[in-house]
Amino acid sequence: MIEQLHERPHEEMPHLKAVVFVRPTRENVRTLGKQLKQRTYGEYHVFFSNVCPEGLLQELAAEDDDELVVQVQEYYADATAVDRNTFALELGESNSALMNPGQWSRSVGMAVDRCVEGITSVLLSLKRRPFIRHQRSSEAARRLAADVARVVYEQEAGLFDFPRADGAAHLLVLDRFDDAVTPLLSQWTYQAMVHEIFGISSTNRVDLRHVKALSKELRELVLSAREDAFFAENMYANYGDLGASVKALVDEFQQQTKMSKKIESIDDMARFVESYPEFRAKSGNVSKHVALMSELSSVISQRRLMAASQVEQEVVCGTDRAGAFTQVVDALRNPQLLEEERLKLVLLFALRYENEQSQIADLTEILMQQGVSRSRIGLVRTILKHGGEAARTGDLFGNRSFLGRASKVVGSLKGVENVYTQHQPLLSSTIQSAAKGSLKNEDYPFVGPSPNGAAAAKPTELIVFIIGGICYEETKVCEQFNALKTGVTVVLGGSTVLNARAFVDDLRKLQEAGG
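Residues numbered from 1 in each chain as written. Predicted model: local features only at pLDDT ≥ 70, side-chain atom pairs only at ≥ 80, totals over all residues. Heavy atoms only, no water.

What follows concerns the sheet that holds strand β3 (residues 69–74). Pairing is parallel across the open sheet formed by 3 strands, whose spatial order is β1-β2-β3. What marks the edges here is a single partner per strand, and that holds for β1 (13–22) and β3. The mean angle between the axes of side-by-side strands here comes to 10°, regardless of whether they run parallel or antiparallel. Here 5 bridges tie strand β2 (residues 41–48) to β3, and the two strands are oriented parallel to one another. (Pairing = 2+ DSSP bridges. Helix = DSSP H or I, 4+ residues; strand = E, 2+ residues; numbered from the N terminus. Axes fitted to C-alpha atoms, helices over the stretch in contact; angles between N-to-C directions.)

The following block contains the structure:
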């Protein structure tokens, strides 16, 4: 029997033992104390997901008059494991406030504390006492790094007394606004695409209940690389390769069952699955991916996402400003593009060419003529304030150095294999520099102890935490880096997992709060 701690109390069951796993919060301890008073179960084995303060332990003991608590343990799991090397905290409504430390209040302070608790829980579960550094240009990153350092090196120094070899682990705290481009772009790899279009919950669920044509068992899907071999193999596959992979599985089933029905498109695959229930029964997870691929294809076609994405990539990766401006204007005047796609294009152009104020004004004027609200158009100003050139540390567009500019020109001359996936998140170059020990101390200063010598400056493990949230495109970058086996392992975490809709919503809340 599994139940939530805060569910309405039921009758006493003294013959049962209760195993309780909760976060060590005052609310949880008080609720557990009420159960102890009511003697709901005969024994309680309590496991906290993080360090439990002494005061809460005393409060729990005071409620346990009948000594029903047999044991209390700390099991460090105070973050959601998104993938093998990725974690998130799912801060929800508090996420946007985290991104503006100038407006931090008592309620936001609780969200900051939640980040500290989540990060320290991950460090304890990994048994790491890392060197800690942060992005120089971000006050939010500085304050969070300082708070984590205080816990690791002062308040709970005994708990973090793990042996440290040369290199050791580094914790790098970054700000989402150092790369506001990645969460705004359309995505074309499987996991990222599903999250962008439908959303993936913290429990890896995809809600398709709005698609009435789907059978009941396909309206809520679970995408887990641990339990789904097809997803594990294809989660980073691009849209075209994914369609081919799904078709290969259907073809294999046809061959095994001697069915000769001709299949040439995604729609054909979907109709095939619906027509042959035995396919669903035999293929297990495959039928879910056929259904998901079919719905993705439908949305991509209806919203003209490929056309919008091509312009997005030209804006952020190209070198022809005039050409990019013309393409954005044409896209804005395309009545088939949704307002959110048009707004994203203007936000991306503003980030890429923020000094071209007259062209940005022309684009916002077009949006205004189309009936886009002033508040949404005002997001251009908000994103430049928090994510513009002056607020960034990293070289987001590769234009601060001669080498970066030359690489861009060479890349544009050579062309790319896939015009929809040209962009690489800033995190890619950041982790490569960190792994080599070449991140500049003035740009990413240490908090607390710092490594001595060149060898110590190169981590064997890099734990990156992004305030404001991470993107699945960034998890792909980290997994690809880890696959190279360079001797450095990257673990990525964030306050939430973003898609474009969530990021724009956070911008709106930031704007409304006066940020």
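More follows now that the structure is in view.
With that out of the way, let us pick up the pattern of salt bridges. A complete count under the given rule lists 28 salt bridges for this structure. Residue R136 is joined to D443 by a salt bridge in which the shortest nitrogen-to-oxygen separation is 3.5 Å. One end of the pair, R136, is in the loop between β6 (131–134) and α5 (139–155); the other, D443, is in the loop between α19 (426–436) and β10 (446–447), and 307 residues separate them in sequence. A salt bridge links D505 to K509, with the nearest nitrogen and oxygen atoms 3.4 Å apart. Note that D505 and K509 are positioned in helix α22 (residues 500–512) at a spacing of 4 residues, about one turn of the helix. By relative accessible area, K509 is classed as buried at 15%. Sharing partners across several salt bridges, the network here consists of R303, E312, E340, E341, K344 and R501. (Salt bridge = Lys/Arg side-chain N within 4 Å of Asp/Glu carboxyl O. Buried < 20%, exposed > 50% of the residue type's maximum accessible area, 1.4 Å probe, protein only.)

Where strand β4 (residues 80–83) lies against strand β5 (residues 86–88), 3 bridges are found, and the strand directions are antiparallel. Among the inter-strand pairings, A81 is bridged to a residue of β5, identified as F87. Here β4 folds back onto β5 in antiparallel fashion, the turn holding 2 residues.

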